Amino acid sequence: MTDADDLRARTRALLADRPPATSSRADFLAARFDAGLAWVHYPEGLGGLGAARSLQSVVDAELAAAGAPDNDPRRIGIGLGMAAPTILAYGTEEQKRRFLRPLWLGEEVWCQLFSEPGAGSDLAALSTRAVLGDDGVWTVTGQKVWTSSAHLARWAILIARTDPAQPKHRGITYFLCDMTDPGVEVRPLRQITGEAEFNEVFLTDVRIPDAHRLGEVGDGWQVARTTLMNERVSIGGSTGGRESGMIAPLARTWRERPELRTHALHQRLITLWVEAEVARLTGERLRQQLAVGQPGPEGSGLKLSFARLNQQISGLEVELLGDEGLLYDDWTMRRPELVDFTGRGPGYRYLRSKGNSIEGGTSEVLLNIVAERVLGLPTEPRTDKDVAWKDLAR
C-alpha cells in the first residue's frame, strides 16, 4: 500500500532523474505522469498509483518546494475537473489510455458541449440529435452555447439525444467529440466584460465513431451527472490558502487605502471575510470527502456559496473605491485562455462574477438540488417526467 513516505521517495527520485532546472517542462510533466505522480489516486499506468486521493498533497508539496513546473491547471480545468473523472468512471480501457495522458499533460484542451439555447437550466431538454448509421458512426446535428474554451479545444465532452421517443432524462447518450472534425463550427460570444471566453458551437452532420461513445447508449444523463457533480466541485471548491480568491484584492485595498474606510464598510468586509474563510474550509472538507468517494450533491451547495460570495465581494470592492470603482481597465475584444479574476481590475471582477450564478448550473437549479438531495425535502412536481421528449411542447 502506497503511503506518504513512499510518495515522498518516489517524488524525490523523479526530481533527481528530471531536475526542474535542466529539464524541459514537457519532459518533466511526461516523466511525472509515467511515474504515477499526476493523480496518485488514479490506477497505475493512468498517471496514478492507486493511492489515497488525500496523499496528492504530499507529492504537490515536494514538487512546489523544488520549483517544479505544473500543467497549468487553470488553462485545462475542464479536462482535469470534468472530462478526466468521467472518462475514468465510464471509459473503456482503450479510451482511458488514449485520452487521459495528453489531457493531463495539457497537450489536448477540452471543452464541454452540454448547454443549448433551449436547454440551459433544464439541460435534459436538449435537442441536439445523434443518429447511428449502419457503418457504426453517429451523425450529430445541433447547437451548443456558453461553451468555455471551445476556441482552444481539441476535444469535447458532448451529450446528444439518441432516442426522442424516451422521456427527456432517458434517450440521451454521452460522446467524446473531436473539435477539429468537419461540421464543427465555433463562434465567439462577446460578454459584458468585453471578452469572449465563451462560444456557441454549431454541429452539422458531425461524424463520431461509436468507439468515442462514453457509457451505454441511452445512459448519457447518468454519465453527465458525474460530470456535473465534478464540475461544481471544480468551480466552487478551488484550492488556496487563507484570504485567497476574490477576497484577496478587496482586503489588500482596505489595508493600503485607509482613506477609503468607513465603519459600515468595515462591518460588511469583516462579514464577507469570515464567510469566505468558512467557504474555503468547507471546500477543504469536501475535498477530503472526495478522497474516499465520488462527489455528491454537496458540491452544489459549495458552488452556490461561491457565486453569492463572489458577487457580494466584488460589489463591495467597487463601492469601497467610489468613483475609481466605476472605471474599467480594458474593453478590448479578446478570446482568453482562462478566467483571471485577480489579474484584472475591480470592474472586471464585478462584471465577470455575474456569470458565476449561471455557469456550472444556475443558482436556482442548485437550490433545488440542495433542497431535494441534501435536505431531503419533497421534490417539485414535474409533469414532463414520464412524457416522451418528442411529445413535449417546445
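The structure this text deals with has already been given above.
What this report covers is the structure whose coordinates are included nearby. (Residues numbered from 1 in each chain as written. Predicted model: local features only at pLDDT ≥ 70, side-chain atom pairs only at ≥ 80, totals over all residues. Heavy atoms only, no water.)

Here we look at the overall build of the protein chain
Moving on, step 1. Within the protein chain, the secondary structure is distributed over 11 helices and eight strands.
Moving on, step 2. Taking 394 residues into account, the globule formula puts the C-alpha radius of gyration at 21 Å, and the protein chain, at 22 Å, falls close to it.
Moving on, step 3. Its C-alpha atoms give the protein chain principal-axis dimensions of roughly 70 × 55 × 45 Å.
Moving on, step 4. Counting across all 394 residues of the protein chain, residues that qualify as buried make up 50%.
Moving on, step 5. Summarising the internal contacts of the protein chain: among those between residues at least 6 apart in sequence, 70% fall at separations of at least 24.
Moving on, step 6. Here the protein chain contributes 47 positive and 53 negative side-chain charges, whose respective centroids are spaced 2 Å apart. (Helix = DSSP H or I, 4+ residues; strand = E, 2+ residues; numbered from the N terminus. Rg over C-alpha atoms; globule rule 2.2 N^0.38 Å. Buried < 20%, exposed > 50% of the residue type's maximum accessible area, 1.4 Å probe, protein only. Contact = heavy atoms within 4.5 Å. Lys, Arg positive; Asp, Glu negative; His and termini not counted. Charge placed at Lys NZ, Arg CZ, Asp CG, Glu CD.)

Side note on the layout of surface pockets
Moving on, step 1. What the second largest pocket holds in volume is close to 240 Å³.
Moving on, step 2. Surrounding the second largest pocket, 10 residues form its lining, Thr282, Arg285, Glu298, Gly301 and Leu302 being those nearest its centre.
Moving on, step 3. Every element with two or more residues in the lining of the second largest pocket is listed here: α8 (263–290), α9 (298–321) and α11 (363–374).
Moving on, step 4. For the lining of the second largest pocket, the class distribution of residues is five nonpolar, three polar and two charged. (1 Å grid on protein atoms, 1.4 Å probe; cavity = no way out; pocket = protein on both sides within 12 Å on 5 of 7 lines; lining within 4 Å. Points joined across faces, edges and corners; volume = space filled by probe spheres on them. Nonpolar A, V, L, I, M, F, W, Y, C, P; charged D, E, K, R; others polar.)

Side note on the packing of helix α1 (residues 4–17) against helix α3 (residues 56–65)
Moving on, step 1. Put simply, α1 and α3 touch, their axes get as near as 9 Å, and they point 35 degrees apart. Here the hand of the crossing between α1 and α3 comes out right-handed. Contacts from Ala4, Leu7, Arg8, Thr11, Arg12, Leu14 and Leu15 in α1 reach Val58, Val59, Glu62 and Leu63 in α3.
Moving on, step 2. Within the contact of α1 with α3, the residues separate by chemical class into seven nonpolar, one polar and three charged. (Axes fitted to C-alpha atoms, helices over the stretch in contact; angles between N-to-C directions. Left-handed = near helix turned anticlockwise from the far one by under 90°.)

Side note on the nonpolar core
Moving on, step 1. In this structure, Trp39, Trp104, Trp110, Phe114, Ile157, Ile159 and Tyr174 are the most contacted members of the largest nonpolar core, which totals 37 residues.
Moving on, step 2. Those elements that place two or more of their residues in this core are α2 (25–34), α4 (77–90), α5 (93–105), β4 (155–161), β5 (172–178) and α6 (220–236).
Moving on, step 3. No other element matches α4, which puts six residues into this core.
Moving on, step 4. Judged by nonpolar contacts, the second largest core, of 18 residues, contains Leu113, Leu158, Ala160 and Ile208. (Core = buried A, V, L, I, M, F, W, Y, C linked by side-chain atoms within 4.5 Å.)

Re unusual backbone geometry
Moving on, step 1. Positive phi outside glycine occurs at Trp146, with the angle close to 60 degrees.
Moving on, step 2. Positioned with a positive phi, Asp205 is a non-glycine residue whose angle comes to about 50 degrees.
Moving on, step 3. Here Asp205 is to be found in strand β7 (residues 198–209).

Quick look at the packing of aromatic side chains
Moving on, step 1. Taken as a whole and assessed by the stated rule, the structure comprises 10 aromatic pairs.
Moving on, step 2. Among the aromatic residues, those joined into a ring-pair cluster are Phe33, Trp39, Tyr42 and Trp104.
Moving on, step 3. The ring centre of Phe202 lies 4.1 Å from the NZ or CZ of Arg187, which sits over that ring. (Phe/Tyr/Trp six-rings, centres within 6.5 Å; stacked < 30°, edge-to-face > 60°. Lys NZ or Arg CZ within 6 Å of the ring centre and 35° of its normal.)

Here's the deal with α2
Moving on, step 1. Along α2, the residues that are buried comprise Phe28, Leu29, Ala30, Ala31, Arg32 and Phe33.
Moving on, step 2. The secondary structure elements touched by the buried residues of α2 are α1, α3 and α5.
Moving on, step 3. With its phi angle positive at about 80 degrees, Gly36 sits one or two positions after the end of α2.

Observations regarding the state of the cysteines
Moving on, step 1. Enumeration over the complete set of coordinates arrives at zero disulfides.
Moving on, step 2. In this structure Cys111 is not part of a disulfide, and its nearest cysteine sulfur, from Cys177, lies 7.8 Å away.
Moving on, step 3. Of the residues examined, Cys177 reaches a relative accessible area of 0% and is grouped as buried. (Disulfide = S-S within 2.5 Å.)

Examining the pattern of salt bridges
Moving on, step 1. The full count for this structure, using the stated rule, is 35 salt bridges.
Moving on, step 2. The partner of Glu195 in a salt bridge is Arg334, with the nearest N and O atoms 3.4 Å apart. Pair noted here: Glu195 is in the loop between β6 (184–189) and β7 and Arg334 is in the loop between α9 and α10 (346–352), with a separation of 139 residues, a long-range link.
Moving on, step 3. On the basis of relative accessible area, Glu195 is assigned to the buried category, the value being 6%.
Moving on, step 4. Between Arg334 and Asp330 there is a salt bridge; the shortest N-O distance is 3.7 Å.
Moving on, step 5. What makes Arg334 partly exposed here is its relative accessible area of 32%.
Moving on, step 6. Where salt bridges share partners, they join Glu195, Asp329, Asp330, Arg334 and Arg344 into one cluster. (Salt bridge = Lys/Arg side-chain N within 4 Å of Asp/Glu carboxyl O.)

Topic: a nonpolar patch on the surface
Moving on, step 1. Taken together, Ile270, Val274 and Val278 make up a surface patch of nonpolar side chains, about 240 Å² in accessible area.
Moving on, step 2. By the secondary structure assignment, Val278 is in helix α8. (Patch = residues over 30% accessible without salt bridge, like charges linked within 9 Å, V, L, I, M, F, W, Y side chains within 5 Å. Areas by Shrake-Rupley, 256 points an atom, 1.4 Å probe, with all protein chains shown as cover.)

What to know about the environment of Val58
Moving on, step 1. Assignment of secondary structure puts Val58 in helix α3.
Moving on, step 2. For Val58, a relative accessible area of 13% corresponds to the buried category.
Moving on, step 3. Ignoring anything within four residues of it in the chain, the contact list for Val58 reads Ala4, Leu7 and Arg8.

Re the packing of helix α7 (residues 247–256) against α9
Moving on, step 1. Between α7 and α9, the shortest axis-to-axis distance is 9 Å and the interhelical angle comes to 25 degrees. Overall, the two elements α7 and α9 adopt an arrangement that is roughly parallel. Of the two possible hands of crossing, α7 and α9 adopt the one that is left-handed. Each of Ile247, Pro249, Leu250, Thr253 and Trp254 in α7 lies in contact with α9, whose residues at this interface are Ile313, Leu316, Glu317, Leu320 and Leu321. (Parallel < 35°, antiparallel > 145°, perpendicular 65-115°, else oblique.)

A look at the side chain of Arg352
Moving on, step 1. Of note, Arg352 is situated in helix α10.
Moving on, step 2. At a separation of 2.8 Å, a polar atom in the side chain of Arg352 contacts the side chain of Glu359. (Polar contact = N/O pair within 3.5 Å; in protein donor to acceptor, adjacent residues only side chain to side chain.)

Fair warning: the whole summary comes from geometry, so function is off the table for now.
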